[in-house]
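# Examining the three-dimensional arrangement
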Amino acid sequence: MKILLLQGPLGPFFQTLSQALSDAGHEVYKIHFNGGDECWRCVGHSERFTGKPDTWNTFFRRFIKRHGIDSLICYGDCRYYHQQAIRICKLKKIRVWAMEEGYLRPDFVTLEQGGVNAFSPLYAKRDSLAEMTWPAPYEAPLKVGKTFARRAWYASRYHINKNLLRWRYPHFVNHRPWSLYQEARGWVAGGVVKWKHRWSDHSLLKTLPRHKGHIFFVPLQVTEDFQIREHSDLSGVEEMVAQVMNSFAEHARREDVLLFKHHPMDRGYVSYQPQINRLVTLLGLEGRVFYGYELPLPTLYPLLKGVITINSTVGLSALLHQVPTFCMGRALYDLPGLTTRGTLAKFWHKQSPVCSETFERMRQSLLHLTQLNASFYRHLDMGAMAVVEKIQQHNVQALSAQKSQRAATPSGVVGALAILSAFCLLTEEMLTPVTML
């Protein structure tokens, strides 16, 4: 196979993956979009894209045709360059493998053909996830452990190199809005915020048990999260906060309280405290709204009445701990028998119980179909081999299915389809110069 790698997770994972793919007999190609992508050189053929965004479509079409690419691997399916590439690949019947952080964390990563999250092929038929049965539970012997230090080092090296070589990629469009200075300042500010609020968080954790059974928990997501931009109808976290607080003020019982938790990766970049304080005063919610930073989820779950999320993986964690959950966006785990359906206004008064059997069946389906017991930041050889094995396993299954289909198809039909296919390819070649303008 001829496999093209686009952007990967920060760090050397794609470098390790390229070696594993090459060792397995595949031809590997890599496209760089900025100086950070050049930090960890991949095995095989590498090429730079230095053009303007509106030329990426033409560049990519010519690249995959010139090299005969038949598979694509990328980290995240919502970045501008990845979205355009995936769209073209699907039109050309080129396999797309999208990677993402694990749906189930901390010891898993996501690998799906076609897309992830609400772009996953499973999303439209997600109700079936809880109906599938598996011969044995998914085995996950690898315990990843802490990765923060490695991620910080990889991110630092990536962004510094991206900045040093920005002259080479003058037109690069970043999926994150921050400059190198803002990224660095955000990391430092995040540590300051964590230290500054350590005592208030400690005090809050002592206060919360008084409200046991009356706490609605709202885990905030990263401000530039594609999960919000692409997989919800909300404009951002601010709109989510406003909707939740207004609905809570109007419909919730007087004894209930709201607890917001700031996302740890967002601490140094944005604060929703001023907005929440204004809404508390405006809506008369004094003493009923709390805001924290370092609040351990296992400590919170026994105290909660419900969880409200857009589509965070915290929702999966809450369901695991039998906490009723309401999704304001599109999520793979938003299923009957798991989450509460209906409106937010009704959720304050009636929460659907979580069926543990339904959850475990859904969880096993996600593990078997979408997850790898691996990490992008540690045990890289094991993670890369897991990716290669899953891709090869899928290819064998696809080839077997094609042979079965051919055996069941009359030869006359096969001949007609071949003629039609050749005609379509000829037409495409004639029209390609026009469509590339």
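Computed from a prediction, not measured in an experiment: that's the story for all the values here.

### Looking at the overall build of the protein
Within the protein, the secondary structure is distributed over 15 helices and twelve strands. Here the protein has a C-alpha radius of gyration of 24 Å; the compact-globule value for 437 residues is 22 Å, and the two agree. Projected onto the principal axes, the alpha-carbon positions of the protein cover approximately 70 × 55 × 45 Å. A burial count over the protein gives 50% of its 437 residues as buried. Sequence separation of at least 24 residues holds for 71% of the intrachain contacts in the protein that already meet a minimum separation of 6. Looking at the protein, you have 52 positive and 36 negative side-chain charges, and the mean spots of the two groups are 3 Å apart.

### Some thoughts on the sheet that holds strand β7 (residues 215-219)
Working definition: the strands of a sheet are paired by backbone hydrogen bonds and lie parallel or antiparallel to each other. Within the open sheet, the five strands sit side by side as β9-β8-β7-β10-β11. Their pairing is parallel. Each having just a single partner strand, β9 (289-292) and β11 (325-327) make up the two edges of the open sheet. In this sheet, neighbouring strand axes are inclined to one another by 20° on average, regardless of whether the strands run parallel or antiparallel. The pairing of β7 with strand β8 (residues 257-261) spans five bridges and is classified as parallel. Bridging across to β8, F217 finds its partner in L259. Along the sheet face, helix α8 (residues 237-251) touches β7, β8, β9 and β10 (304-309) and points at about 170° away from the line of β8.

### What about the nonpolar core?
Counting residues in each nonpolar core, the largest one holds 31 residues, and the members touching the most others are V244, M245, L258, F260 and I308. Sorting the residues of this core by element identifies β7, α8, β8, α9 (273-283), β9 and α12 (344-347) as the ones contributing at least two each. Take this core: its biggest share by element is six residues, from α8. Leave out the neighbours within four places in its chain, and F260 touches V218, L220, V241, V244, M245, I276, V289, F290, Y291 and G292. Of all hydrophobic cores here, the second largest spans 29 residues; its members include F13, A20, I73 and M99.

### Notes on the environment of P324
Mapped onto the elements, P324 comes out in the loop between α11 (314-320) and β11. Counting along the chain gives 77 residues from P324 to S247, while the straight-line C-alpha distance between them is 17 Å. In this structure, P324 is in contact with K305, G306, V307, T340, F347, Q351, S352 and V354, ignoring residues within four places of it in sequence.

### Topic: the packing of aromatic side chains
Counted by the stated rule, this structure contains 24 aromatic pairs. On the numbers, 5.6 Å between centres and 35° between planes, the contact of F326 with F347 is tilted. With a gap of 21 residues between them, F326 in strand β11 and F347 in helix α12 connect regions that are remote in the sequence. With relative accessibility at 7%, the residue F326 sits in the buried group. The class of F347 is buried, set by a relative accessible area of 1%.

### Description of helix α3 (residues 80-91)
Helix length check: α3, at twelve residues, gives a terminal C-alpha distance of 17 Å against a target of 16 Å (1.5 Å per residue), a fit within 8%. Considered for burial, the residues of α3 that qualify are Y81, H82, A85, I86, I88 and C89. Seen from one end, α3 has its buried residues packed into an arc of 165°, which puts them on one side. Contacts made by the buried residues of α3 are with α2 (56-67), β4 (71-75) and β5 (95-101). Following α3 by one or two positions, K93 adopts a phi angle in the positive range, close to 65°.

### Points about the confidence of the model for the protein
Mean pLDDT over the protein stands at 89; residues scoring 70 or higher make up 91%. Under a pLDDT of 50 for its full length, residues 416-437 has, in the predicted model, five contacts with residues more than four places off or in other chains.

### What to know about the packing of α8 against α9
Running from N to C, α8 and α9 point in directions that differ by 25°, and their axes come no closer than 11 Å. Between α8 and α9, the angle is such that the two are roughly parallel. Crossing angle aside, the handedness with which α8 passes α9 is right-handed. On the side of α8, the interface is formed by E238, V241, A242, M245, N246 and A249, while α9 contributes Q275, I276, L279, V280 and L283. Per-class residue counts for the contact of α8 with α9 are eight nonpolar, two polar and one charged.

### As for the pattern of salt bridges
Under the counting rule described, the total for this entry stands at ten salt bridges. Linking D107 and K143 is a salt bridge whose minimum nitrogen-to-oxygen distance equals 3.9 Å. Of this pair, D107 sits in the loop between β5 and β6 (109-113) while K143 sits in the loop between β6 and α4 (148-164), and the two are 36 residues apart along the sequence. A residue is classified by how much of its surface remains accessible, and D107, at 12% relative accessible area, is buried. You can call K143 exposed: its relative accessible area is 59%.

### Description of the pairing of β6
Of all five residues in β6, four are buried; the element is thus mostly enclosed. The sheet contact formed by β5 and β6 spans five bridges and is antiparallel. Paired with E101 across the bridge in β6 is V109. Bridge count for β6 against strand β12 (residues 371-372) is two bridges, and the pairing is antiparallel. Within the sheet, the bridge partner assigned to V109 lies in β12 and is L372.

Definitions and cut-offs
Residues numbered from 1 in each chain as written. Predicted model: local features only at pLDDT ≥ 70, side-chain atom pairs only at ≥ 80, totals over all residues. Heavy atoms only, no water. Helix = DSSP H or I, 4+ residues; strand = E, 2+ residues; numbered from the N terminus. Rg over C-alpha atoms; globule rule 2.2 N^0.38 Å. Buried < 20%, exposed > 50% of the residue type's maximum accessible area, 1.4 Å probe, protein only. Contact = heavy atoms within 4.5 Å. Lys, Arg positive; Asp, Glu negative; His and termini not counted. Charge placed at Lys NZ, Arg CZ, Asp CG, Glu CD. Pairing = 2+ DSSP bridges. Axes fitted to C-alpha atoms, helices over the stretch in contact; angles between N-to-C directions. Core = buried A, V, L, I, M, F, W, Y, C linked by side-chain atoms within 4.5 Å. Phe/Tyr/Trp six-rings, centres within 6.5 Å; stacked < 30°, edge-to-face > 60°. Expected span 1.5 Å × (residues − 1). Arc of directions from axis to C-beta. pLDDT = per-residue confidence, 0-100. Parallel < 35°, antiparallel > 145°, perpendicular 65-115°, else oblique. Left-handed = near helix turned anticlockwise from the far one by under 90°. Nonpolar A, V, L, I, M, F, W, Y, C, P; charged D, E, K, R; others polar. Salt bridge = Lys/Arg side-chain N within 4 Å of Asp/Glu carboxyl O.

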